[in-house]
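Close look at the chain arrangement
Chain by chain, the residues run as shown.
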Amino acid sequence: MILNSIKQKLLPKYKKRNWPGLINAYKSYLPVSNKTPIITLKEGNTPLIFSENLSNLIGNNTKVYLKYDGLNPTGSFKDRGMTMAISKAKEEGCEAVICASTGNTSASAAAYASRGGLKSFVLIPDGYVAQGKLAQALMYGAEVLSIKGNFDDALEIVQKLSKEYPITLVNSVNPYRIEGQKTAAFEIMDDLKTSPDWLCIPMGNAGNITAYWKGFNEYYKKNKKYKLPKMMGFQSSGSAPLVDNIIVKNPETIATAIRIGNPVNREKAKIVKKESKGDFQSVTDNEIIDAYKILAKEGIFCEPASAASVAGLIKNKNRIKKDSLIVCVLTGNGLKDPECAIKNNDAIFQKNIEPSLKNISKILGY
Ligand code: AN7
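Because the structure is a prediction, the values reported are computed rather than measured. (Residues numbered from 1 in each chain as written. Predicted model: local features only at pLDDT ≥ 70, side-chain atom pairs only at ≥ 80, totals over all residues. Heavy atoms only, no water.)

Tallying each qualifying case throughout the model produces nine aromatic pairs. When the centroid spacing of 6.4 Å and the interplanar angle of 65° are considered together, the rings of Trp 19 and Tyr 26 count as edge-to-face. Here Trp 19 matches Tyr 26 in class, with each residue buried. Measuring from ring centre to ring centre gives 6.3 Å for Tyr 292 and Phe 301, while their planes differ by 45°; the resulting arrangement is tilted. Through pairs of rings, three or more aromatic residues link up here, namely Trp 19, Tyr 26, Tyr 29, Phe 186, Tyr 219 and Tyr 226. (Phe/Tyr/Trp six-rings, centres within 6.5 Å; stacked < 30°, edge-to-face > 60°. Buried < 20%, exposed > 50% of the residue type's maximum accessible area, 1.4 Å probe, protein only.)

Once that is clear, we can look at the site of the ligand. For the ligand, the set of nearby residues contains 24 residues, the closest of which are Asn 104, Thr 105, Asn 205, Ala 206 and Thr 331. Between the ligand and Asn 205, the relevant distance is 2.7 Å, taken from an oxygen atom to a main-chain nitrogen or oxygen of the residue. Between the ligand and the protein, one listed contact pairs a nitrogen atom with a side-chain N or O atom of Thr 331 at 2.7 Å. Protein coverage of the free-state accessible area of the ligand, which is 470 Å², stands at 99%. Because more than half of its atoms lie within 2 Å of the grid, the ligand is assigned to the largest cavity. Breaking the shell around the ligand down by element, the ones donating at least two residues are α5 (104–116), α10 (207–222) and α14 (304–315). Per-class residue counts for the shell around the ligand are ten nonpolar, twelve polar and two charged. (Near = heavy atom within 4 Å. Polar contact = N/O pair within 3.5 Å; in protein donor to acceptor, adjacent residues only side chain to side chain. Areas by Shrake-Rupley, 256 points an atom, 1.4 Å probe, with all protein chains shown as cover. 1 Å grid on protein atoms, 1.4 Å probe; cavity = no way out; pocket = protein on both sides within 12 Å on 5 of 7 lines; lining within 4 Å. Sits in = over half its atoms within 2 Å of the grid points. Helix = DSSP H or I, 4+ residues; strand = E, 2+ residues; numbered from the N terminus. Nonpolar A, V, L, I, M, F, W, Y, C, P; charged D, E, K, R; others polar.)

Counting buried positions over the five residues of strand β3 (residues 96–100) gives five, a clear majority of the element. The two faces of β3 match: Ala 96, Ile 98 and Ala 100 on one face and Val 97 and Cys 99 on the other face are all buried. Note that the unit made of β3, α5 and strand β4 (residues 119–125) has a crossover that is right-handed. Relative to strand β6 (residues 168–169), β3 runs parallel, the two sharing two bridges. Across the sheet, residue Ile 98 finds its bridge partner in β6, namely Leu 169. (Right-handed = clockwise from strand over helix to strand, strands pointing away. Pairing = 2+ DSSP bridges.)

Right, dumping it as structure tokens:
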């Protein structure tokens, strides 16, 4: 009886099943009209999760939240940009889309293109795309070209192709991608009713950090209670063109999603850093894996590139002011890269066990 009355009170308030997808939810902030065909998989509305472990680790009454964007329909934040890019491509009458990708963009482009009835072509670097992402691109129906080169080589080619042929480029140079992705900042501010002091985020091409900054600014312009956070961008030390202000010819990192040596949004990222009084830093692969494990111990499984945001936060422990509110963006789901997880964990995993009750209870220590 008591349980029933609690349920009746809570249910209407927490009913989120009617989420319409991020274009419908934030229409007034987006370049869409009644004529735009909205191609959606109900992306967005991802949870902002308080991290007890990280808050304790940082100390000084810091509150750390995780924006778990790996819970989008294809398992990464790319869906936010792709619902916009594909809807606009469809509105403009285009029939095919193309992208270069370290994996997640290709998965998302393939899914939304199929949903919108468009053809998709994706170029990926041979041998450097996590299995889950490759599986998705193939299943969702993209034409996949694995090239003997890296992401930067692939991006150069697709940029040229999209200029010469009637194919829409859906990498983050497409401005609609940034428009869609800025909604993640809106959701954070809607949840917190304020802005964080720091936003920690991994950077590859730096489209996402650009998008978040745009989102924070748009709310701030409407209401000054939404302060502007410091934008803290993190790259892997073997692939840190924005930190070192260089082009990295042969980027290398376990975080294959951000294995990018010549980011297209370099100039935009510089502006974000300057305007937000933020910082760009690198973290090593070992620091990334440590952060990856810390998150999992709290039940949160992200891909290695996403853990770079948390590795970066931990690295700055001594710089964080008392009572800070920090959000780390977890851009992709851990299931994207099962190989990395199986290789990098501290689990007890015993194989070839005789299936007898006696034997198993002995192994378990009973
Ligand atoms: C999990 O899929 O570039 O700084 O081709 O998959 O906006 O590039 C992926 C990038 C962070 C970096 N985290 O975002 C691609 C691709 C994950 C990612 C990034 C990516 P940007």
